[in-house]
Amino acid sequence: MAPRGRTLLLPLAAATILVASTIFLFAAAGARWRPADTGLPVPPHAFSAAAAVPVPVPVPVTSNTTTSARKELSFLDENGDPDDPASASASGAARCDPAVRVFMYDMPPEFHFGLLGWSPPSPDSVWPDLSTPPPRYPGGLNQQHSVEYWLTLDLLLSSSSSAPCGAAVRVADSRDADLVFVPFFASLSYNRHSRPVPPEKVARNKALQEQLVRYLTTRPEWKRYGGADHVIVAHHPNSLLYARAPLSPAVFVLSDFGRYHPRVASLEKDVIAPYKHMAKTFVNDSTGFDDRPTLLYFRGAIYRKQGGSIRQELYYMLKDEKDVYFSFGSVQDHGASKASQGMHSSKFCLNIAGDTPSSNRLFDAIVSHCVPVIISDDIELPYEDALDYSKFSIFVRSSDAVKKGYLMSLISGVSKQQWTRMWKRLKEVDKHFEYQYPSQKDDAVQMIWRALSRRVPAIKLKVHRSSRFSRSDRGHIDRKGLYV
């Protein structure tokens with residue numbers, strides 16, 4: 001071939017080699033490519049070593065498609081459950097997927113079931129044997145703040161191999177947990193042991209709180225995140241009084257924030273749980289609008305201190321109104337039984353602020369399917385991020401409630417159709433306010449765990465942000481630019 005021909009062929013050959021090399025490199029890279037930044041389904045063959053060039057093949061959407069093969073999008077209903085019943089049942093049948101993993105301290109019985117009079121059968125025993133009925137919580141008004149009892153039982157049962165699938169599962173290693181639960185029966189400690197009994201110089205309730213602070217703050221689980229992932233139940237407004245400040249980094253489960261400093265407890269950090277209702281749940285309720293003769297009902301303490309003074313004002317305004325029952329009542333005179341009867345026969349039930357913004361009366365009304373009329377400006381409600389209370393309750397500002405004629409005009413203006421819609425919604429949501437052992441789907445125990453699980457992302461964000469400079473704070477850079 002002439003020199004001129006060879007000169008023309010050399011660049012052409014080089015270009016051909018370059019193109020072939022480029023194609024080969026793209027093919028090799030494509031076999032390892034994964035659209036991680038898109039969140040889209042990844043074809044199963046995309047990770048195969050034999051695949052030379054990735055060809056997008058859609059993954060069929062079937063009930064057998066696994067989460068490793070595709071990332072499913074789903075909508076949640078107001079209970080935090082999948083909105084698609086078919087997908088929910090399919091996934092539920094395949095595995096148990098709790099909302100939150102919880103590590104629980106094996107604390108001495110004096111902090112929990114020992115307060116119920118339970119004695120361990122041996123020195124090494126910490127928890128009661130759940131193959132027999134657990135120790136019973138005391139009755140009366142004690143029960144309304146028994147939240148920690150039900151949550152502790154639920155965690156203990158979740159450790160069993162035969163445990164039903166619940167919203168929370170207990171894990172053995174705190175490093176595998178989303179939250180760390182502190183099994184201290186704070187409300188019972190306050191109710192039973194808030195006064196010293198001779199020869200005690202310090203009340204048992206206070207002594208237990210002091211021991212609790214020492215116990216927790218020395219634990220590696222607390223030190224790891226400064227207690228931010230710990231959960232402490234203090235449902236009675238006066239419980240945990242001496243330990244609130246030192247344990248304030250933890251997530252508190254409370255009835256309201258009425259007696260807490262904003263720096264100690266807030267809606268951003270903590271969780272509101274319902275009282276355990278005292279009235280009987282109205283089962284198979286068919287009493288419609290015309291079957292409930294009383295328009296507005298209230299039975300309870302009328303003369304209260306602090307924010308509860310509005311009860312007295314409303315009493316004098318409403319006591320002589322037609323179809324209104326407004327009377328004093330207490331537990332001592334069979335108040336719970338009489339309140340159940342009264343609420344079951346009433347269309348609307350008043351829930352007025354007392355010594356604190358919340359009261360058990362709201363939850364008695366809910367399970368009685370008596371539409372709550374809430375007059376408490378500072379009240380916070382359980383799992384309100386998942387439950388719209390305006391669908392089954394009426395909220396009235398305190399300043400409006402004390403205006404002459406305002407409240408009666410408002411209540412009388414609710415039509416039969418509007419009331420029936422709220423009544424039907426009450427019958428749908430009352431299950432969320434039932435404390436049970438074992439816990440049942442969407443009951444109060446599981447709703448509280450789900451509410452706590454929704455705090456986990458914020459806890460992790462706080463922990464991660466606070467640890468940004470922890471590495472640089474522990475060491476320094478030497479002259480060679482190395483971290484030591």
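Reading the values: the criteria
Residues numbered from 1 in each chain as written. Predicted model: local features only at pLDDT ≥ 70, side-chain atom pairs only at ≥ 80, totals over all residues. Heavy atoms only, no water. Helix = DSSP H or I, 4+ residues; strand = E, 2+ residues; numbered from the N terminus. Buried < 20%, exposed > 50% of the residue type's maximum accessible area, 1.4 Å probe, protein only. Contact = heavy atoms within 4.5 Å. Areas by Shrake-Rupley, 256 points an atom, 1.4 Å probe, with all protein chains shown as cover. Disulfide = S-S within 2.5 Å. Pairing = 2+ DSSP bridges. Salt bridge = Lys/Arg side-chain N within 4 Å of Asp/Glu carboxyl O. Expected span 1.5 Å × (residues − 1). Phe/Tyr/Trp six-rings, centres within 6.5 Å; stacked < 30°, edge-to-face > 60°. Lys NZ or Arg CZ within 6 Å of the ring centre and 35° of its normal. Core = buried A, V, L, I, M, F, W, Y, C linked by side-chain atoms within 4.5 Å.

*Asks:* Could you give an account of the overall build of the protein chain, with specific residues and numbers?
*Replies:* Counting secondary structure elements, the protein chain contains 15 helices and 11 strands. Relative to its 484 residues, the protein chain shows a buried fraction of 46%. The contacts of the protein chain with a sequence gap of at least 6 include a subset with a gap of at least 24, amounting to 64%. Within the structure as shown, the protein chain displays about 26,300 Å² of accessible surface, and the carbon and sulfur contribution to it stands at 56%.

*Asks:* I'd like a description of the state of the cysteines, backed by residues and values.
*Replies:* Overall, the coordinates contain one disulfide when judged by the stated rule. A sulfur-sulfur distance of 2.1 Å marks the disulfide that ties C349 to C370. Around the S-S axis, the bridge from C349 to C370 shows a dihedral of about 105° and counts as right-handed. Remark: C370 occurs in the loop between α9 (361–367) and β10 (371–375) and C349 occurs in strand β9 (residues 346–352); sequence separation between them is 21 residues. Comparing C349 with C370, the two get one shared label, buried.

*Asks:* Can you tell me about the sheet that holds strand β11 (residues 394–395), naming the residues and giving the values?
*Replies:* Sheet architecture is open: five strands sit in the order β8-β7-β9-β10-β11, paired in parallel fashion. In this open sheet, the two edge strands, each paired with only one partner strand, are β8 (324–328) and β11. Where β10 and β11 come together, two bridges link them in parallel fashion. Its bridge partner lying in β11, V373 is registered against I394.

*Asks:* Any chance you could break down the side chain of D229 for me, citing the residues and the numbers?
*Replies:* For D229, the location among the structural elements is in the loop between α6 (220–225) and β4 (230–233). Since its relative accessible area comes to 3%, D229 is described here as buried. Setting aside anything within four residues of it in sequence, one finds D229 in contact with D178, L179, V180, E221, R224 and I459.

*Asks:* Quick one: what's the story with the pairing of β9, residue by residue and with numbers?
*Replies:* Counting buried residues in β9 gives seven out of seven residues, a clear majority hidden from the surface. One ladder, built from three bridges, connects strand β7 (residues 294–300) with β9; its direction is parallel. Its bridge partner being in β9, T294 is matched across the sheet by S346. Strand direction decides the pairing type here: β9 and β10, joined by five bridges, are parallel. The partner of C349 across the bridge, within β10, is P372.

*Asks:* Would you mind going over the sheet that holds strand β3 (residues 179–182) in detail, with residue names and values included?
*Replies:* The strand order across the open sheet formed by six strands is β2-β1-β3-β4-β5-β6, and the pairing between neighbours is parallel. Of all strands in the sheet, those bounded by a partner on one side alone are β2 (168–170) and β6 (271–272).

*Asks:* I'd like a description of the pattern of salt bridges, backed by residues and values.
*Replies:* Across all of its chains, the model carries 15 salt bridges by this definition. Among the ionic pairs, D285 bridges to R292, the shortest N-O distance being 3.1 Å. Take D285: its relative accessible area is 6%, and that puts it in the buried class. On the basis of relative accessible area, R292 is assigned to the buried category, the value being 0%. Across the pair D442 and K441 runs a salt bridge whose closest N-O atoms are separated by 3.0 Å. Residue D442 is classed as buried on the basis of its relative accessible area of 3%. Judged by its relative accessible area of 57%, K441 is exposed. A cluster of three or more residues bridged by salt bridges with shared partners is formed by K431, K441, D442 and R450.

*Asks:* Describe the environment of I448, and please don't skip the residues or the numbers.
*Replies:* Mapped onto the elements of the fold, I448 is located in helix α13 (residues 444–453). Take I448: its relative accessible area is 0%, and that puts it in the buried class. Sequence spacing of I448 and A167 is 281 residues, and the spatial spacing of their C-alpha atoms is 8.9 Å. When near neighbours in sequence (up to four residues on either side) are disregarded, I448 contacts V147, L151, A273, P274, Y383 and Y435.

*Asks:* Pulling in residues and values, what's your account of helix α12 (residues 416–429)?
*Replies:* The α-helix advances 3.6 residues per turn, and as a result positions three or four apart in sequence lie on the same side. Its 14 residues place the ends of α12 20 Å apart at the C-alpha level, agreeing with the 20 Å of an ideal helix rising 1.5 Å per residue. Turning to α12, its buried residues are W419, T420, M422, W423, R425, L426 and V429. Buried residues along α12 sit in contact with β9, α9, β10 and β11.

*Asks:* How would you sum up the packing of aromatic side chains? Please name residues and give values.
*Replies:* Across all of its chains, the model carries 23 aromatic pairs by this definition. Relative to F392, the ring of Y389 lies with its centre 5.1 Å away and its plane at 45°, an arrangement referred to as tilted. F392 shares its class with Y389; the two are buried. Judged by centre distance (6.5 Å) and plane angle (70°), the ring pair of Y389 and F433 falls under edge-to-face. Separated by 44 residues along the polypeptide, Y389 in the loop between β10 and β11 and F433 in the loop between α12 and α13 bring together distant segments of the chain. The same class applies to Y389 and to F433, which are both buried. A connected cluster of aromatic rings, assembled from ring pairs, spans F113, W127, Y137, Y149, W150, F185 and Y435. Between K347 and the ring centre of F289, over which it is positioned, the NZ or CZ distance is 4.8 Å.

*Asks:* So what's going on with the nonpolar core? Which residues, and what values?
*Replies:* In globular proteins that are soluble, nonpolar side chains generally tend to be buried together. Ranked by size, the top nonpolar core spans 109 residues in total, and within it F348, L350, L407 and W449 carry the most contacts. The contact partners of L350, leaving out residues within four places of it in the chain, are L296, Y297, F298, L318, F326, R361, V373, I375 and L407. Within the second largest apolar cluster, six residues are counted, among which are Y297, A339, A365 and C370.

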